[in-house]
Amino acid sequence: MDINRRSNIAEGYRNLRTNIQFSGWNQKLQVLAVTSTQAGEGKTTTISNLAVAYAQEGKKVILIDADLRHPSLQTVFNVSNRIGLSNLLANQCTYGEILHQSTIDNLSLVMAGPVPPNPTELLSSDKLREIIEFWKEEYDVILMDTSPVLAVADGLIVASVCDGVILVVHAGKVKREFIKKTKEKLELAKANILGVVLNNKKYSKSESHQHYYYGLSD
């Protein structure tokens, strides 16, 4: 994954990182999830670039693909998905066996692994909390890519065990009523919603050509 630190997009993700840090001034935000209402809204791109932004700040970061049904981090970082989180949740491997070192300093990766027959059951087990607690001792920031909220319960389960969740919304693609329903589901799951990343927002020629809007609020 190649990131130009001087690009508007890279600067945007640094702004997002800063906004998250400010939103957590009175709480510890070590474990973060990124989700969306439906597929194709850019959550994986967002969390991947956010992970790079944290790593470039000098934080020790682990990025986990917790979308066990439709994993995609292996494509972004060009690493093998042969073994991953699903195996660890099923007690089929050790922590070290699923770790990948990325080409970015300070950034480690965990792929989703083979698609299991029971992803919801695996994610809702105590094993997920155990895994998170283990890596909290090793990493400054844990980022988790999740399934879209309206598709299956998986994303809600992951978000509920994280310190905060960011919702990615593709501008003009998702109906307002679906976004509202996603927010309600996250709140019912007692997830801490930090804010929204509005993806693919169109700007006029007189405006900045950044691709993301960062709205982190209550």
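Residues numbered from 1 in each chain as written. Predicted model: local features only at pLDDT ≥ 70, side-chain atom pairs only at ≥ 80, totals over all residues. Heavy atoms only, no water.

With that out of the way, let us pick up the overall build of the protein chain. Tallying secondary structure elements over the protein chain gives eight helices and eight strands in all. A total of 218 residues make up the protein chain; the buried ones form 50% of that total. A separation threshold of at least 6 residues defines the contact pool for the protein chain, and within that pool the share at least 24 residues apart is 76%. When the accessible surface of the protein chain is split by element, carbon and sulfur atoms take 48% of a total near 10,800 Å². (Helix = DSSP H or I, 4+ residues; strand = E, 2+ residues; numbered from the N terminus. Buried < 20%, exposed > 50% of the residue type's maximum accessible area, 1.4 Å probe, protein only. Contact = heavy atoms within 4.5 Å. Areas by Shrake-Rupley, 256 points an atom, 1.4 Å probe, with all protein chains shown as cover.)

A word on the packing of aromatic side chains. Within this structure, the stated rule accounts for two aromatic pairs. Taking the centre distance of 3.9 Å and the plane angle of 25° together, the rings of Y95 and F134 count as stacked. You can see Y95 sitting in the loop between α4 (85-89) and β3 (99-101) and its partner F134 sitting in helix α6 (residues 126-136), a full 39 residues away along the chain. Residue Y95 is classed as buried on the basis of its relative accessible area, which comes to 17%. Within the aromatic cluster, the residues linked to one another by ring pairs are Y95, F134 and W135. (Phe/Tyr/Trp six-rings, centres within 6.5 Å; stacked < 30°, edge-to-face > 60°.)

Moving on to the pairing of strand β7 (residues 193-199). A regular strand carries its side chains on alternate faces of the sheet. By the bridge criterion, six bridges tie strand β6 (residues 164-170) to β7 in an arrangement that is parallel. Following the sheet pairing, I166 is matched in β7 by G195. Considered for its hand, the β-α-β crossover made up of β6, helix α8 (residues 176-188) and β7 is right-handed. (Pairing = 2+ DSSP bridges. Right-handed = clockwise from strand over helix to strand, strands pointing away.)

For α6, every residue scored as buried is listed here: K127, L128, I131, I132 and W135. All buried residues of α6 fall inside an arc of 140° around its axis, so they share one side. (Arc of directions from axis to C-beta.)

Tallied over the entire structure, the rule returns nine salt bridges. In this structure, E57 and R17 form a salt bridge, with 3.9 Å as the shortest nitrogen-oxygen distance. In this pair, E57 sits in the loop between α2 (43-56) and β2 (61-65) while R17 sits in helix α1 (residues 8-23), placing the two residues 40 residues apart along the sequence. (Salt bridge = Lys/Arg side-chain N within 4 Å of Asp/Glu carboxyl O.)

With that out of the way, let us pick up the environment of K43. Summarising the element assignment, K43 is placed in helix α2. In the structure, K43 is positioned 104 residues away from S147 in sequence and 9.3 Å away in space, judged by C-alpha atoms. Within the local environment of K43, its side chain forms a polar contact with the side chain of D145, the two groups lying 3.0 Å apart. (Polar contact = N/O pair within 3.5 Å; in protein donor to acceptor, adjacent residues only side chain to side chain.)

Let us look at the environment of L198. Among the secondary structure elements, L198 is positioned in strand β7. A relative accessible area of 22% places L198 in the partly exposed class.

Attention now moves to the confidence of the model for the protein chain. When pLDDT is averaged along the protein chain, the result is 89, and 87% of the positions lie at 70 or above. Scored below 50 in pLDDT, residues 204-218 makes 37 contacts in the model with residues more than four places away or belonging to other chains. (pLDDT = per-residue confidence, 0-100.)

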